[in-house]
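Here's the letter readout for the chains.
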Amino acid sequence: MRLWNRTLCSGALAFSLFLTGCTNGDSPEQEIFQTLEKVVELEASFEEQQEPLLELEKKETAIYEEILSLGMKEFDQIVKLSQEGLGLVEQKEAAMEEEKKSIEAAREEFVEVKAAMESLEDDELKKEAQALYQLMEQRYEAYMTLWNHYKESMVIEKDMYELFQTEDLTLEELQMQINNLNEKYEKINEANDSFNAFTGEYNEAKLEFYKKAGLDVSYKN
């Protein structure tokens, strides 16, 4: 009756970069660079939410396992733990909302890069830029799929903790709820893998674009 093992997002963008050497004027290539690195900065709070979310998941899993180890003679303790579990789910919801705000702000900034990409004079470089843009759009779509699955899982989690507070709860009812949750966690893990894959592809494509654009870049400390 154990729950599916969950994984959290790890699809953070690569570390911020900065231009080195001569940067006189604002060429389309430089404008693209500045926008893309601003996107990295805007997603910083997304990355910051990962560790707190992981800690909340660990605490909630511990509570869930403790509830399952108790018998109905300890119903009062089950109710108490269930209420703690509900509180943790609410904390996860708040953290996920902050994470989503960070992604949405970054996406709004990212859209601004399209004009500079269209201004590129080199046709091959423009194709590279368009492919890069498409990768990031796919990444954002993958994140929204992931976020929606995660949001739905928290609704099921709340229902489960409410069920635990029902004294006449049957094993069949509980198993059905756990099965629903496991199915949702499987979708979460699949969506997370997709999001992480697009992130990796985008990071590699971005560096390749900078190289072909003749931009001399270095990692920020």
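Structural data are supplied above this passage.
As the structure is a prediction and not an experimental result, all values here were calculated from the model.

Calculation rules
- Residues numbered from 1 in each chain as written.
- Predicted model: local features only at pLDDT ≥ 70, side-chain atom pairs only at ≥ 80, totals over all residues.
- Heavy atoms only, no water.
- Helix = DSSP H or I, 4+ residues; strand = E, 2+ residues; numbered from the N terminus.
- Buried < 20%, exposed > 50% of the residue type's maximum accessible area, 1.4 Å probe, protein only.
- Contact = heavy atoms within 4.5 Å.
- Areas by Shrake-Rupley, 256 points an atom, 1.4 Å probe, with all protein chains shown as cover.
- Core = buried A, V, L, I, M, F, W, Y, C linked by side-chain atoms within 4.5 Å.
- Patch = residues over 30% accessible without salt bridge, like charges linked within 9 Å, V, L, I, M, F, W, Y side chains within 5 Å.
- Salt bridge = Lys/Arg side-chain N within 4 Å of Asp/Glu carboxyl O.
- Lys, Arg positive; Asp, Glu negative; His and termini not counted.
- Charge placed at Lys NZ, Arg CZ, Asp CG, Glu CD.
- Phe/Tyr/Trp six-rings, centres within 6.5 Å; stacked < 30°, edge-to-face > 60°.
- Lys NZ or Arg CZ within 6 Å of the ring centre and 35° of its normal.

1. What to know about the overall build of the chain
Here is step 1: Of the regular secondary structure elements, the chain holds seven helices and two strands.
Here is step 2: For the chain, the succession of helices and strands along the chain, N to C, is β-α-α-α-α-α-α-α-β.
Here is step 3: Within the chain, the proportion of its 221 residues that are buried is 44%.
Here is step 4: Taking the intrachain contacts of the chain between residues at least 6 apart in sequence as the baseline, contacts between residues at least 24 apart amount to 84%.
Here is step 5: Within the structure as shown, the chain displays about 11,700 Å² of accessible surface, and the carbon and sulfur contribution to it stands at 49%.

2. Quick notes on the nonpolar core
Here is step 1: Core analysis: the biggest nonpolar cluster contains 59 residues, and I32, L36, F110, M160, Y161, F164 and F209 have the highest contact counts within it.
Here is step 2: Among the secondary structure elements, those contributing two or more residues to this core are α1 (28-42), α3 (50-69), α4 (75-111), α5 (113-118), α6 (123-164) and α7 (171-212).
Here is step 3: Ranked by the residues each element gives to this core, the list is headed by α6, at 17 residues.
Here is step 4: If near-sequence neighbours (up to four positions away) are discounted, Y161 is found in contact with E60, I63, Y64, I67, S82, G85, L86 and V89.

3. Side note on a negative patch on the surface
Here is step 1: A cluster of acidic side chains, namely D76, E167, D168, E172 and E173, defines a negative patch on the protein surface.
Here is step 2: Residue position: E167 is located in the loop between α6 and α7.

4. Focus on the pattern of salt bridges
Here is step 1: Taken as a whole and judged by the stated rule, the model has 15 salt bridges.
Here is step 2: In this structure, E57 engages K92 in a salt bridge whose closest nitrogen and oxygen atoms are separated by 3.5 Å. Residue E57 is located in helix α3, and its partner K92 is located in helix α4; the two are separated by 35 residues in the primary sequence.
Here is step 3: Note on K92: relative accessible area 0%, which makes it buried.
Here is step 4: Of the charged contacts in the structure, one is a salt bridge between E97 and K151, with a shortest N-O distance of 3.1 Å. In this pair, E97 sits in helix α4 while K151 sits in helix α6, placing the two residues 54 residues apart along the sequence.
Here is step 5: Connected through salt bridges with shared partners, the residues E57, E60, K92 and E157 form a single ionic network.

5. Thoughts on the packing of aromatic side chains
Here is step 1: Counting across every chain of the model gives nine aromatic pairs.
Here is step 2: Aromatic pair F110 and Y133: ring centres 4.9 Å apart, planes at 25°, arrangement stacked. Within this pair, whereas F110 is found in helix α4, its partner Y133 is found in helix α6, the two being separated by 23 residues in sequence.
Here is step 3: Given the relative accessible area of 0%, F110 is considered buried.
Here is step 4: The aromatic ring of W147 is capped on one face by K100, whose charged end is 4.7 Å from the ring centroid.

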